[in-house]
Each structure stands twice: as structure tokens, then as C-alpha cells.
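# Observations on the three-dimensional arrangement
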Amino acid sequence: MVRGILKISQISKIYISKYPLIAFLLILLFFYSSLVKAESYAVASRHHLATDIGMKVLNEGGNAIDAAVAVAFALAVVNPSAGNLGGGGFMLIHLAEKNETFSIDYRERAPIKSFEKMFQDKSGKVIKGLSLNSILASGVPGTVSGMFYASEKYGTINIKALISPSIELARKGFVLSEYQAKNLNKYKQKFSKNQEAKKIFTKPNGFSEGDILVQTNLANTLERISQYGEEEFYSGETAKKISSFFQINGGILSLEDLNQYKLRILKPVCGSYRYYVICSMAPPSSGGIALIQILNVLENTDLGKLDHNSEEYLNLLISAMDYAYKDRAEYLGDPDYSEVPKDILTSKKYADEIFKQIKEKKLPSKAKINVFEGEETTHFSIVDKWGNAVSNTYTLNTAYGSGIIPTGTGILMNNEMDDFSSKPGYPNAYGLVGSEANKIEPKKTPLSSMSPVIVFLHKKPYLITGSPGGSTIITSVLQEIINVLDFKMSLEESSKKSRIHFQHLPDILFHEQLDNSLIKSLKKDKKLINRKLGEVHSILLKKDGIEAFSDKRRPDGKASSIYK
Ligand code: GLY
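The structure reproduced in this document is the subject of the present report.

The rules behind the values
Residues numbered from 1 in each chain as written. Predicted model: local features only at pLDDT ≥ 70, side-chain atom pairs only at ≥ 80, totals over all residues. Heavy atoms only, no water. Phe/Tyr/Trp six-rings, centres within 6.5 Å; stacked < 30°, edge-to-face > 60°. Helix = DSSP H or I, 4+ residues; strand = E, 2+ residues; numbered from the N terminus. Buried < 20%, exposed > 50% of the residue type's maximum accessible area, 1.4 Å probe, protein only. Pairing = 2+ DSSP bridges. Axes fitted to C-alpha atoms, helices over the stretch in contact; angles between N-to-C directions.

## A few points about the packing of aromatic side chains
- Evaluated as defined, the whole model comprises 13 aromatic pairs.
- Consider the rings of Tyr313 and Phe487, whose centres lie 5.5 Å apart with planes at 90°: the pair is edge-to-face. Taken together, the residues span a long stretch of sequence, with Tyr313 in helix 16 (residues 311-331) and Phe487 in the loop between helix 19 (472-485) and helix 20 (491-496) at a distance of 174 residues. Each member of the pair Tyr313 and Phe487 is classed as buried.

## Focus: the sheet that holds strand 15 (residues 527-530)
- Here three strands make up an open sheet; going across it, the order is 13-14-15 and the pairing mixed. Edge positions in the sheet fall to strand 13 (500-501) and strand 15, since each of these pairs with one other strand and no more.
- Sheet analysis places strand 13 next to strand 14 (residues 508-511), joined by two bridges and oriented antiparallel. Bridge pairing in strand 14 links His501 to Phe510.

## With respect to the pairing of strand 17 (residues 545-550)
- Along strand 17, six of the six residues are buried, which leaves the element largely enclosed by surrounding structure.
- The two faces of strand 17 match: Gly545, Glu547 and Phe549 on one face and Ile546, Ala548 and Ser550 on the other face are all buried.
- Where strand 16 (residues 537-542) meets strand 17, six bridges bridge the pair, whose relative direction is antiparallel. Looking at strand 17, one finds that Leu540 is bridged to Glu547.
- Linking strand 16 to strand 17, which pair antiparallel, is a turn of two residues.

## Focus: unusual backbone geometry
- Residue Pro283 is joined to Pro284 through a cis peptide bond whose omega torsion reads 25°.
- Along the chain, the position of Pro284 falls in the loop between strand 8 (276-280) and helix 15 (287-298).
- For the bond from Leu505 to Pro506, the omega torsion is -5°, close enough to zero to count as cis.
- Along the chain, the position of Pro506 falls in the loop between strand 13 and strand 14.
- A positive phi angle, near 50°, is found at His458, a position not held by glycine.
- Along the chain, His458 turns up in the loop between strand 11 (453-457) and strand 12 (460-465).
- Here His458 falls in the exposed class, since its relative accessible area comes to 68%.

## Side note on the sheet that holds strand 3 (residues 100-105)
- As summarised here, the arrangement of the seven strands in space is 6-3-2-10-9-1-18, forming an open sheet in which the pairing is antiparallel. Only two strands of the sheet have a single neighbouring strand rather than two, namely strand 6 (264-266) and strand 18 (558-563). Averaged over all pairs of adjacent strands, the angle between strand axes in this sheet comes to 10°, irrespective of strand direction.
- Two strands pair when backbone bridges link them, and strand 2 (residues 88-95) and strand 3 are joined in this way by six bridges, in the antiparallel orientation.

Here is the structure:
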């Protein structure tokens, strides 16, 4: 190698003496190219049309926040199972110029008339389905408030221009993929219970690939929101349509609830991991704390030296998950209602203690609890050419939320009340149990697992990621982070790796296509469930380029990037 360098320097000497002008220009070009930073930006989301809309905003000079708002409105149309106006979520933002990272909590709040035992019968038994499929299942939606806040405070483009493509998609319709057509057909029964949902989302002989889904009432609602601003949703015609529907149909969500909706700006939970800093969502999400806690435990081992998805590696992962999910159930809830011991749970000292226990093969104690399954929610990641980044996860909770559309609005309502613990120890749709910290109280926010993440390297965004998947969000995102940071995988390689999920309760090891003998050795007395886990949409900002990748676990996602 040394000989090669000598040779190059001899050749360059000859050239400089023979062609001084060309050499001078080449040197100038070299310095210029190292001064002018390459321009790179990207969007990764669940639906190709939403990604295209986001990229168009970025191409035309909008920033990451502009693109995020446009993508969020677009997903409310083209991804009705999770994209929404009738739900809520979390937006993690990094502003490059100010080197500032913060989050917007625009998640749903419990209606004023909600109360702790609202989903229990007189004998204290939880009434199955009431928190999921009934008129009582919805929290007060925050998405419209979140998008207007982000746009007004940090955007550069008038929000009307950002909503406009979504109005067109809702009015003219968009082409259903095979996956979407089948998915709508799968939920026919759910939609049939509500007049408007039935009209929009069912078809006598079922939808087929290539059908056009038109949502006229949603287009009209979006148009009013675009014209009159967020007040339209919280106190205008739309608010009145929503609240009167709830009142007429025995619900508790009121106009007063909509009038009083308030988002929160929250400091993210950040922690160091090797030479990276990981930031994610603070409570009311459990995501940030659980992620940092697990990573702190794993930091005690040089993971990159283990074989990926080997028995030793996976056993360590399962044990770290076990502890984190136990703490989630015990301590986490809305921080405005009970104190969350965030500093302890995310401290290195606490993680070291857990690691010691794991090495001594001590694990948290168990109880028997049944499990339900569900895995909706949607995530998108965006970065602009200035280095601003948005990591956004939002949801209706389970697929298509409660399946209820207030007449004339086209808005599918969430069933986020199920994310509260209906009764301490009783599992929600994701089999997650909660304690007093997550009991139902008026205006309170239910505990979430949504984990939008930004990983920083040398104080700059390096990996922007997140996933849907209910309780499996945290572990899907965790494995994406480890695959990229510890095992140096590309985003595509990482997404092809089998994932596992373990959440303390119930005692089930969820896995994707792992080798049979490996599974047996991991299983011990756990039940096994083989299913898809998560759907990660990530962007990786490398020194010499950008990667954007949308998980192929579902077919309609798209990641686009520009590097020039
Ligand atoms: N509704 C799922 C979550 O927030 O975690």
C-alpha cells in the first residue's frame, strides 16, 4: 500500500510540473467539493403516495416539518387503517440550525366525562370490547392540533398548500393495492356497524386491487380545515358534527372536550449508547424509557462481537426486554398524573444491576394473562437538506380505530381508550398490563408504546426510525438500532433480519422465522408465536450518502432519497 502511495505522489509531481494550470484547477475543485456539502434529503413512509407528496415538498424547497405535515394529512387519506385526523401521536423534531431536539405530544386525551371504571360492569369485571369497538372507545383526537402547531411554528410553507394534495386524493380517490383491498374486506364486519364507514369502506362483493377509493366527506372536512384552520376541527362545523354524533349515540366525547384539547411540548428521553446518543419519546409513551433502559443493559456486552440472532445474543435481548416491560407495566403513565421514575429507569447504574441479575439468571416473576393481538399505527421518517429531521408515529390504535365515523365527516375515530388499563392487571389489545399509573382519569393521556427515534452521531442526526406494531414497536425499533449501530448493517439488510419480541407478560416469545433448534433453545417454558413484527421506516445519514428504506413486511411503503 505504501508503495502505491509513493507511486501516486511521483505521478502527480510529473503532472503538476507538466500541466500546472490543470493541476491548479483540480486542486481548486477538490477544495470546493469538500467545502460544498452534498445535498441530501429523504422520506420513508407506509404509503408510496404519501412519500411522493413529502418528497415533492422537499424538492420544492420545503423543510422537513412542511413535508411531515403534508405526509401526515396524506396518510389520513391513503392509509385509513392508521393515518388519521381522528387519532393522535408523537412528532420528534430536530432543528439543525438551533441544534435543538424536542417532541410534540399530540396524542388523544380521555374525555372529561371518563372515569376509572368506565369499562367495568357492576361486579368490577371488564366488559370485553367496550374500550375497543364502542362509542366510548375514543379519546379526544390531537392530530389536527399537532400538525397545525408544527406547521405554524416550524414550517415555511402555508399549510393550505400542504393539505391540498390530500383533498385531491380524497375527492378523486386513489388506487387500492391488493394488500389494502384485502385489508378493507377483512374488516367489513367492523365497518358495517357504522353507516358512513359501511358506505365508504365496504363494497357488496368486496374490494379488489385497482379499485378507486373515494372519500368525499373526508375531502370536504379537509377542505374546511384548510380554509378555517384547526378551529374548524376543535370548535367549528367539524367539531359540532363529531360531538353531536357522540352525544346522540350514547358517547361521552363532547364539544367541550374538543374545545379544550391541548398538545404538549415534551423533552425527549435521550441516552448515550456507545458513541451515539439516542432520543425518543418521553411518557406518556413508554418507548423512550424502555428503549434507553434496554440499550443501557445491552451496553454491558460488545454485541457486535456476538453472532447476530445467535442463542447468546437473543437470550440477552429477551432478558433485557423482560425487565423493561415489567417496569413499563409498573411505573409508566401520563407524567401529569403520577410521577414517573424516569431518571432511575434510564440510569446506567440501574441497567448495570439488571445486567448482573441477568448474568445470575434471575428474571422478574410472572403471572398468567391472556393475550389479544393487533398491530396498527404508522410511522414516517423525514430529513431535509438543511439537516432538520422529523420522526413521527401516529395512530388510531387498532386497525381503523373504533371503525366509527361521525356522520358527514369521513373521519375514522380512534379507540385509544384501550391503551389505558381498564383495570390494573387487565391486558389491553396488545396484551400489555398496566397499573394505577395508567388508570383512566379525565383529560389524561393513555400510555403508549410509540417510539419515534432519532439517533445522533457527533451531535448530528444519524438514524431516523420508528415503527407501528403496538407493544412490538419498542422491540422492532430496538433491533433496527442494534442492527445498524452494532452490526453495521445497511437499512435493507437490517429489515431482512428476523425480529423477536418479548414483553414480560404474557409469557410468549414472538418471533419471525428463526431456526427451529434455536427457537427451542430460547423457548424454555414460553409459548411461541410466529408472526410479522413491526414495519420500520428509516433514514440513515452516512458521511458519504443517504439510505432510506421502508420495511417490506407490508407492501405499500416507499422510501425516496436524493443525494447530490
Ligand atoms: N396505540 C398504540 C400505542 O400507542 O402504543
